[in-house]
Amino acid sequence: YVSGSLEEIQRLGLDWCRCVPYKTGKLGGWVSENYLGVSRVLHWLYCCIDDIAADEVFETPLRNQRLWNLKENRGWLSIRGQDTKGCAEELRCRVKQLMDAPEGPPPVLPPQGGPANNVINVITNLRAMVSRLMKRSISEDDVLDAERHIKLFLSAF
């Protein structure tokens, strides 16, 4: 999702926002200024996550199954976690066989992952936590505030 975004920020060479790109899902070699830089742009990086994270909804066609096309048979199989490989006729036969099974058709699987709102909540809490941990000077109240935000982040994660 953010592929290329951190590279573009890095090319700007901003002293206050030192972003290093993700490498195959790992953050190796990152130091505190990299985490701080990314925390400054987190909301921008993930602002459209709810637009791309929605699961595709499949509505079972109302017409007879033998009239379904490849896409409809594939969709029916996919939401049930079944094999979707094959030509139109193979998928039509596979769907028919599963629909006519004595135990009934396989149940529809729940969506993979979680709601995009969970990701936004984690990002918001991460940003709040990092901003408290990266203060230049701290007081006893700041320590308590940071501890509270660490707990909020861990409970959101």
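A brief report on the enclosed structure follows. The model shown is predicted, which means the values in this text are computed figures rather than measured ones. As a convention, each chain's residues are numbered from 1 in the sequence order in which they are written. It should be noted that, the model being predicted, local features are given only for residues of pLDDT at least 70 and side-chain atom pairs only at 80 or more, the latter also being counted only at that level, while totals for whole chains, interfaces and linings use all residues. Excluded from the side-chain calculation are hydrogens and water; included are all heavy atoms of the structure.

Another point: the overall build of the protein. By the criteria applied, helices consist of DSSP H or I runs no shorter than four residues and strands consist of E runs no shorter than two, each listed in order from the N terminus. Within the protein one finds 7 helices and 0 strands. Using C-alpha atoms as the atom set, the radius of gyration is obtained and then compared with a globule rule of 2.2 Å times the number of residues to the power 0.38. For the protein, the C-alpha radius of gyration of 24 Å lies well beyond 15 Å, the compact-globule estimate for 157 residues. In the protein, which comprises 157 residues, the proportion classed as buried is 29%. When checking whether two residues touch, look at their non-hydrogen atoms; a contact exists if any pair is within 4.5 Å. At a minimum sequence separation of 6, the contacts of the protein that also span at least 24 residues come to 46%. A 1.4 Å probe and the Shrake-Rupley method give the accessible areas. Residues count as covered only by the protein chains that appear here. Total accessible area on the protein stands at roughly 11200 Å², and carbon and sulfur atoms take up 55% of it. One finds the centroid of the 20 positive side-chain charges in the protein at a distance of 3 Å from the centroid of its 20 negative side-chain charges. Buried means the residue's accessible area, taken with a 1.4 Å probe over protein chains only, is under 20% of the maximum for its type, while exposed means over 50%, and partly exposed covers the values in between. When charges are counted, Lys and Arg are positive and Asp and Glu negative, with His and the chain ends excluded. For charged residues, the charge sits on one atom: NZ in Lys, CZ in Arg, CG in Asp, CD in Glu.

One speaks of a salt bridge when a side-chain nitrogen belonging to Lys or Arg is within 4 Å of a carboxyl oxygen belonging to Asp or Glu. One pass over the structure, following the stated rule, counts 10 salt bridges. Close ionic contact of R18 with E33 constitutes a salt bridge, the shortest N to O distance being 3.9 Å. Of this pair, R18 sits in the loop between α1 (5–12) and α2 (32–45) while E33 sits in helix α2, placing them 15 residues apart in sequence. Given a relative accessible area of 41%, E33 falls into the partly exposed group. Here D83 and R94 are joined by a salt bridge, their closest N and O atoms 3.9 Å apart.

Attention now moves to the nonpolar core. Residues L6, I9, C19, V38, V41 and Y46 are the most contacted members of the largest nonpolar core, which totals 13 residues. Of all the secondary structure elements, the ones that give two or more residues to this core are α1, α2 and α6 (116–133). Looking at which element gives the most residues to this core, the answer is α2, with 4 residues. Excluding its chain neighbours within four sequence positions, the residues that come into contact with L6 are C19, V20, P21, Y22, V38 and L45. To form a nonpolar core, buried Ala, Val, Leu, Ile, Met, Phe, Trp, Tyr and Cys residues must be joined to one another through side-chain atoms within 4.5 Å. Core analysis: the second largest hydrophobic core is formed by 6 residues, W68, L77, L91 and V95 among them.

This part covers the packing of α2 against α6. One way to put it is that α2 packs onto α6 with a least axis distance of 9 Å and a crossing angle of 140°. Between α2 and α6, the crossing angle belongs to the class labelled oblique. Crossing geometry of α2 relative to α6 is assigned as left-handed. Along its contact with α2, which presents Y35, L36, S39, L42 and H43, the element α6 presents I123, T124, L126, R127 and V130. Under this grouping Gly is polar, as are all residues other than the nonpolar Ala, Val, Leu, Ile, Met, Phe, Trp, Tyr, Cys and Pro and the charged Asp, Glu, Lys and Arg. Taken together, the residues of the contact of α2 with α6 break down into 6 nonpolar, 3 polar and 1 charged. Helix axes are fitted only over the stretch in contact, all axes being lines through C-alpha atoms; the angle between N-to-C directions runs from 0 to 180 degrees. Note on terminology: angles under 35 degrees are roughly parallel, angles over 145 are roughly antiparallel, angles of 65 to 115 are roughly perpendicular, and the others are oblique. Crossings are assigned a handedness: left-handed for a near helix turned anticlockwise from the far helix by less than a right angle, right-handed for a clockwise turn.

All right, on to helix α7 (residues 140–156) then. Multiply 1.5 Å by the residue count of a helix minus one, and that product is the helix's expected span. Over its 17 residues, α7 extends 25 Å from the first C-alpha to the last, a length consistent with the 24 Å expected when each residue adds 1.5 Å. Within the span of α7, buried status applies to D142, D145, A146, H149 and F153. The buried residues of α7 all sit within an arc of 100° when viewed along its axis, so they share a single face. Exposed side chains of α7 directed beyond 90 degrees from the buried face belong to E140, K151, L154 and S155. Looking at the buried side of α7, the elements it contacts are α6. By definition, the arc is the one covered by directions from the helix axis to the C-beta atoms.

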